[in-house]
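An overview of the molecular structure
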Amino acid sequence: MNTAKNHLVAHNRRPPTDDIDASDAEQYDAGARLRDTDTPEREAMREELERTVMKAVDGLPEELRTAITLREVDGLSYEEIAQRMASPIGTVRSRIYRAREAIDAELRPLLDIQSATRERNRP
């Protein structure tokens, strides 16, 4: 889940490191963040990433799904998750790690396609 979030944030919200033209500056607000300029392609990719994450989470074994949901959606600490699941904290950490790995494996092909597409479209 974090991989998808980080990817979207990194590629859609990072201001350029180079100087920008005055005509391009109007796309930025005072906080140096991009305004919402999502293209239909970006929106479609975001939706596809979301569907893929949800499908990956739904496909996890129950104990992995519960652990990752409590951590990423509910924002619970490892200690809180361990208490709620009546499991040792090491088991919780392992379950969250395995869940993230499974989700990353599902996302990797999509992110590779997006990266390759972006490289082809560069001037």
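Our subject is the structure that appears above.
First things first, this report covers the structure right here in the doc.

Definitions and cut-offs
- Residues numbered from 1 in each chain as written.
- Predicted model: local features only at pLDDT ≥ 70, side-chain atom pairs only at ≥ 80, totals over all residues.
- Heavy atoms only, no water.
- Axes fitted to C-alpha atoms, helices over the stretch in contact; angles between N-to-C directions.
- Helix = DSSP H or I, 4+ residues; strand = E, 2+ residues; numbered from the N terminus.
- Parallel < 35°, antiparallel > 145°, perpendicular 65-115°, else oblique.
- Left-handed = near helix turned anticlockwise from the far one by under 90°.
- Contact = heavy atoms within 4.5 Å.
- Nonpolar A, V, L, I, M, F, W, Y, C, P; charged D, E, K, R; others polar.
- Phe/Tyr/Trp six-rings, centres within 6.5 Å; stacked < 30°, edge-to-face > 60°.
- Lys NZ or Arg CZ within 6 Å of the ring centre and 35° of its normal.

**Things to note about the packing of helix H4 (residues 62-72) against helix H5 (residues 78-85)**
Contact geometry for H4 and H5: axes closest at 10 Å, N-to-C directions at 140°. Between H4 and H5, the angle falls in the class oblique. Seen from above, H4 lies across H5 with right-handed handedness. Only Tyr-78, Ile-81, Arg-84 and Met-85 of H5 make contact with H4, whose side of the interface consists of Glu-63, Thr-66, Ala-67, Leu-70 and Arg-71. Here the contact of H4 with H5 is built from residues that sort into five nonpolar, one polar and three charged.

**So, the environment of Ala-102**
Counting through the fold element by element, Ala-102 comes out in helix H6 (residues 89-120). As for Ala-102 and Gly-59, which are separated by 43 residues in sequence, their C-alpha atoms are 9.3 Å apart.

**Considering the packing of aromatic side chains**
Per the counting criterion, the structure on display carries zero aromatic pairs. Lying over the aromatic face of Tyr-78, Arg-71 brings its terminal NZ or CZ to 4.4 Å of the ring centre. In this structure, Arg-93 packs its charged tip against the face of Tyr-78, placed 4.5 Å from the ring centre.

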